[in-house]
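Listed below, chain by chain, are the residues.
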Amino acid sequence: FTYHGFRYIQLEGYSGTPDKKTIEGRVVRSAVEPSGTFECNIELFNKIHQMVWQTEAANLHSLPTDCPQRDERMGWLNDMAARTEEAIYNFNLVRLLSKWVADIADEQDPLTGAITDTAPFRWGRRPADPVSVCYLLIPWLLYVHYGDTLTMAEHYAGMKAWVNYLTSRSEGHILRYSYYGDWAPPIQFGLQGSQGSSAVSRDTPGELISTACYAYSARLLSQIGRALGYAKDADNYQELACRIADRFHARFWNGEDGGYGTNNQSCNAISLYMGLVPEDYYAQVVANLAENVVACHDGHLTTGNICTKYLLEALSIAGRVDIASQIASQETYPSWGFMLANGATTLWERWELVTGAGMNSHNHPMLGSVDAWFYRFIAGIQADPAGPGFQYFDVCPHPVGDLKHARACLK
């Protein structure tokens, strides 16, 4: 009554000479149907897509697990903050994810509204790190992609309780507590000696990530409330999101460098993606972010599991799909191509090739958000919330660089 992710088999005491028929392996996961396909003329992108797909497929066992091969196999909310959209593009997850949102709600403190880092709660902390926006993001995406209003309605009170809890923990709309933040950036940007084998970001302030996610949660709750017909709630939480954004800018704007926080990729990408940059500052922050990628890091990322998604998408939304494509096209460290060049067939937990003790999973979907970028900005298929369940959608491909054709299908 268990399953194992594995790469090698050790066979002992066998009397004959083993061949490929000696051992039978069975691929197992929850009964979720594949829903998306992606293909283009850039073979590296095709290999990355396949690597992400195989990783996601191996981590859908009644809940979206972080890995299938070690004694963890947990539903981490911070991973799903970045991974959910990729998963929905690749598999029909309306039933599995609605069930998992119920798991999150089961662990919610009925008095404070605090949720937990994992669901079911087997590891981590209560209250969850504020990056756990997936408690609101998943119901919203189930509505946008499938037209599901039931999950939003069933958990609306719980989602309000979580956002209200974050408000209670904030100081002047700045949320200072943080555990993981932008988890597991390239090791040279990790805080030496921190938890998770130095996986806490050295240069991305936890309170910046927490406050940005707090603003995003308030905005999501406003959108959900409006979709459900709670106009007054929607207005109130939109106003809250705006107040947080104002305080965020006042607290974290770095006028000397022309960016947010430490002016690294994570700080600026999450600020742009979450809509926290005032219009008059927007072009400067985009230019700053582009320069950091191209001039400072030779087209490579410096982000962890959360902000890798926001980096590619913030650049693309701002019209710099060319730079996002440059990041995705890298084959040297740190990149998805580096994983492939070192024998990966599923995603790693770290940008580094790590074995032995510590964070060393080689089947870990938290860095798979690039695949949603393939669907949304290379193939150009984007759902429109104005027509949930793909009643309305946009098709806007971006032929950049060596890209000559791309083909994607959703069903």
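Presented here is an overview of the structure given in this document. Values in this document were obtained by computation on a predicted structure and should not be read as measured data.

Remarks on the packing of aromatic side chains
Here is step 1 of the chain: Considering all chains together, one arrives at 24 aromatic pairs under this definition.
Here is step 2 of the chain: Both rings, one in Trp 373 and one in Phe 374, keep their centres 5.7 Å apart while their planes meet at 50 degrees; by these two values the pair is tilted.
Here is step 3 of the chain: Under the relative-accessibility criterion, Trp 373 is labelled buried at 0%.
Here is step 4 of the chain: Following the ring pairs from residue to residue traces out a cluster consisting of Phe 38, Phe 45, Tyr 89, Trp 373, Phe 374 and Tyr 375.
Here is step 5 of the chain: Taking NZ or CZ as reference, Arg 73 lies 4.9 Å from the ring centre of Tyr 3, over its face.
Here is step 6 of the chain: Over the ring of Tyr 177 we find Arg 169, and its NZ or CZ is 4.2 Å from the ring centre.

Quick notes on the environment of Ala 57
Here is step 1 of the chain: Take Ala 57: it is sitting in helix H1 (residues 43–57).
Here is step 2 of the chain: Owing to a relative accessible area of 10%, Ala 57 belongs among the buried residues under this scheme.
Here is step 3 of the chain: Taking the C-alpha atoms as reference points, Ala 57 and Thr 116, separated by 59 residues in sequence, lie 25 Å from one another.
Here is step 4 of the chain: Setting aside chain neighbours within four positions, we find Ala 57 in contact with Arg 29 and Phe 91.

Details of the nonpolar core
Here is step 1 of the chain: Ranked by size, the top nonpolar core spans 125 residues in total, and within it Trp 336 and Trp 373 carry the most contacts.
Here is step 2 of the chain: For this core, the element with the highest residue contribution is helix H8 (residues 206–227), accounting for 11 residues.
Here is step 3 of the chain: Beyond its immediate sequence surroundings of up to four residues, Trp 336 is in contact with Ile 48, Met 51, Leu 301, Thr 308, Leu 312, Ile 327, Ala 328, Leu 347, Trp 351, Leu 367 and Val 370.

Analysis parameters
Residues numbered from 1 in each chain as written. Predicted model: local features only at pLDDT ≥ 70, side-chain atom pairs only at ≥ 80, totals over all residues. Heavy atoms only, no water. Phe/Tyr/Trp six-rings, centres within 6.5 Å; stacked < 30°, edge-to-face > 60°. Buried < 20%, exposed > 50% of the residue type's maximum accessible area, 1.4 Å probe, protein only. Lys NZ or Arg CZ within 6 Å of the ring centre and 35° of its normal. Helix = DSSP H or I, 4+ residues; strand = E, 2+ residues; numbered from the N terminus. Contact = heavy atoms within 4.5 Å. Core = buried A, V, L, I, M, F, W, Y, C linked by side-chain atoms within 4.5 Å.

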